[in-house]
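# Structural description and commentary
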Amino acid sequence: MRKLFINQYASLVVVILGSLFSLAVGYFSYTAELERARATFLFNTEQVETQLAERLQSYALVLRGAAGLISVSENVTRQEWQRYTEKLRVNESITQVQGIGFAKFMAAAELGPHQDKTRAEGFPDYQVFPAGERDYYSSVTYLEPFNESNQRAFGYDMYSEPVRREAMQRAARSGRAAVTGKVELVQETDEFRQVGTLMYVAIYKDSALPPRDERMQKLLGWAYSPFWMEDLVDGILHDWTAAEGASIELTIYDGLQANQETQLYGNFARDTEDRKLHRQAVIDFNGTHWLLDFTHKNEKAVIRTENALIFTLGGMLLTFVLTGLLLSVGNARNRAQALAQKLTSDLRERTQQLIETEERWHFAVDATGSGVWDWNIETDEVYYSLGWRHIFGLAQDADAVELSEWKRRIHPEDKAEVFDLIQQHLAGKKSSYEHEYRMQHEAGYWLWVHDRGRVVAYSGDERPLRMIGSVEDISTEKRHRDELTIAAESDKLTGLPNRAYLQRILPEIIRKATNRELKFAVFYIDLDRFKPVNDTVGHEAGDVVLCRVAEKMLAELREHDHLVRVGGDEFVAVVNHIGNGDDILKQLASRLIAAASAPVGFKGDQLQVSATIGIVRFDAEKPRSGPDILRRADEAMYIAKNTERGSFHILD
């Protein structure tokens, strides 16, 4: 009886302790999962905050450049302003903006002359609006692009509207870029309405920033840009909202209070009191504060509680199983203790083996001299090995976990191809990723690297989750290969490229022309009267003539053209960007013939040859291979030679 009581008491203790332990494990598992979700949420929202702040600073720099154009020359014409802004758009200096304009500031006495001058420029109905007598006026004088939407703002007095006037005065008095509060743009229509805002940079006479008390007196006007907030923010965040941001909602308020009156962007009505994933941040742009309010669309989906539930239920189940064993088999306690000790020992041994295996793997990777990277595709976190950091001259005391650390080092000319190859592998179009490209060392110079990798983990729906790869510095090897290629593709006598070079580049030129990226022509050049020079004066003289003629013909070509010696006294010129007519071909052929016909001095003698040229214009409608084009150019050359040596003939 006493043993039974002890056994029942022990069983009760096991039930209580086991239940408490299971609940504790479940709680800590849930807490860890919540912290992971919060860290990811914080990382993603900080990226958005940084992008918005950087884009505002970029637009301010663009407007300072526009202000500089006006301040150094107060007589900037409408056409000059249009060309300047078009260049900014071609260079992608400004995107997601309604336009970039100049608003003139004037006293009441200047209003009439200003309107008369603008009407004389071809705008007979021009009128500063809204009408009314005021001490000071402003007028939207230039606004590009001058499309139908922006034409509605032409002549608008922004200084007459209180919200705009406050920002304009702040920009003028501070000398810094200023952003308005929530406004309705003049460009709005009844069918299409958005919240708007504007950015201003003041322009002063004599260019330099005047003392504070003289700034309003020396004010010429403002360079400014109107924004539709929805277009501006969606344009900045389109990549972000396509990835992690697809599950995160953003609302932007003007000022530090979140209410409907100050809401600039977003229309998400929600209660944030009980939200686990909620964050607010403030962007301070020269005294203008934007409150960024982030929440997650579906916290239940991102905060995975399955593990906590499994741990809790599993622990409870194990507790009741052990209790049943204690109640049913009193003598099983010793065996259970022995089994528990063995399981604990095995777990410790396997944990130690895992630690030792990981240490050996790190040592082996670092010993190869290559760099290894391990990319978590879902979180964009990356592990970089010691070898990787050594290649690029980075500190060895901490792991970099930013994907941007790799992206920012890629040479701008190589980025598009690198990203395209990786996406092809992630989409399953290629079995692995491998490429040679340039990356920047911490010291600033460029390295050629051989980068390779493969996806090693997929989700249940075949989405790639993890990718591992290695990178190797091949700068020395690449330099040796380039030197060998140059040597193999160069003519030793003239220094020009040879036939091997032509065979390599011509297919690529044809491919681009077929895609209508450029038009080109092939000139097949044969020197006349060269053999008598060799026969009568000697091969040394012939070599001198070949070199001098090559130099003179090369001088007649442009940097993006090619002149190749294909053998003996024959040359081929590939001329790019020729347009649609034959005039440029005829002019160039005449210059090449004149260059080849110029006398060449040799030991007191004047040696002279001439050139006959066959020309083929590439037709993208009827594409041909490289050998076919050269054969046609050769035919054209013989037609010219049979007609008159020292002439040219053009074939399509």
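Summary of the structure given here. Quick caveat, the model's predicted, so the values are computed rather than measured.

### Some words on helix α15 (residues 499–514)
- Here α15 spans 22 Å end to end across 16 residues, near enough to the 22 Å set by a 1.5 Å rise per residue.
- At Ile-505, α15 shows its maximal bend, which comes to roughly 25°, and the proline Pro-507 appears one to four places after that position.
- Buried within α15 we find Tyr-501, Leu-502, Ile-505, Leu-506, Ile-509, Ile-510 and Ala-513.
- Buried residues in α15 make contact with β15 (520–528), β16 (562–567), β17 (570–576) and α19 (626–643).
- Where α15 starts, the residue carrying a side-chain oxygen 3.1 Å from the main-chain nitrogen of Ala-500 turns out to be Asn-498.

### A look at empty space enclosed by the protein
- Applying the stated rule across the entire model yields 3 cavities of 30 Å³ or more.
- In this structure, the largest cavity spans a volume of roughly 110 Å³.
- Considering the residues around the largest cavity, the lining is formed by Trp-373, Trp-375, Val-382, Tyr-384, Trp-388, Leu-403, Trp-406, Ile-422, Tyr-433 and Asp-451.
- Put simply, the parts of the chain that give the lining of the largest cavity at least two residues each are β10 (371–376) and β11 (381–384).
- When grouped by side-chain class, the residues that make up the lining of the largest cavity number 9 nonpolar, no polar and 1 charged.
- Approximately 50 Å³ is the volume found for the second largest cavity.
- Lining the second largest cavity, in full, are Val-140, Ala-153, Tyr-156, Met-158, Arg-164, Leu-185, Val-186, Gln-187, Leu-198, Tyr-224 and Pro-226.
- Partitioning the lining of the second largest cavity into residue classes produces 9 nonpolar, 1 polar and 1 charged.

### Here we look at the packing of aromatic side chains
- Per the counting criterion, the structure on display carries 19 aromatic pairs.
- Between Trp-81 and Tyr-142, the aromatic rings sit 5.9 Å apart at their centres with planes inclined by 40°, giving tilted as the arrangement. With Trp-81 in helix α2 (residues 78–90) and Tyr-142 in strand β2 (residues 136–144), the pair connects residues that are 61 residues apart, well separated along the chain.
- Their ring planes at 65° and their centres at 5.3 Å tell us that Phe-105 and Tyr-159 sit as a pair that is edge-to-face.

### Considerations on the packing of helix α17 (residues 539–555) against helix α18 (residues 583–597)
- Where α17 meets α18, the axes come as close as 8 Å, and the angle between the chain directions of the two elements is 155°. Relative to α18, the element α17 is oriented roughly antiparallel. Between α17 and α18 lies a crossing of right-handed hand. Packed against α17, whose contacting residues are Val-549, Lys-552 and Met-553, the element α18 presents Leu-592, Ala-595 and Ala-596 at the interface.
- A per-class count over the contact of α17 with α18 returns 5 nonpolar, no polar and 1 charged.

What counts and how
- Residues numbered from 1 in each chain as written.
- Predicted model: local features only at pLDDT ≥ 70, side-chain atom pairs only at ≥ 80, totals over all residues.
- Heavy atoms only, no water.
- Helix = DSSP H or I, 4+ residues; strand = E, 2+ residues; numbered from the N terminus.
- Expected span 1.5 Å × (residues − 1).
- Bend = angle between axes of the 7 residues up to and from the residue.
- Buried < 20%, exposed > 50% of the residue type's maximum accessible area, 1.4 Å probe, protein only.
- Contact = heavy atoms within 4.5 Å.
- Polar contact = N/O pair within 3.5 Å; in protein donor to acceptor, adjacent residues only side chain to side chain.
- 1 Å grid on protein atoms, 1.4 Å probe; cavity = no way out; pocket = protein on both sides within 12 Å on 5 of 7 lines; lining within 4 Å.
- Points joined across faces, edges and corners; volume = space filled by probe spheres on them.
- Nonpolar A, V, L, I, M, F, W, Y, C, P; charged D, E, K, R; others polar.
- Phe/Tyr/Trp six-rings, centres within 6.5 Å; stacked < 30°, edge-to-face > 60°.
- Axes fitted to C-alpha atoms, helices over the stretch in contact; angles between N-to-C directions.
- Parallel < 35°, antiparallel > 145°, perpendicular 65-115°, else oblique.
- Left-handed = near helix turned anticlockwise from the far one by under 90°.

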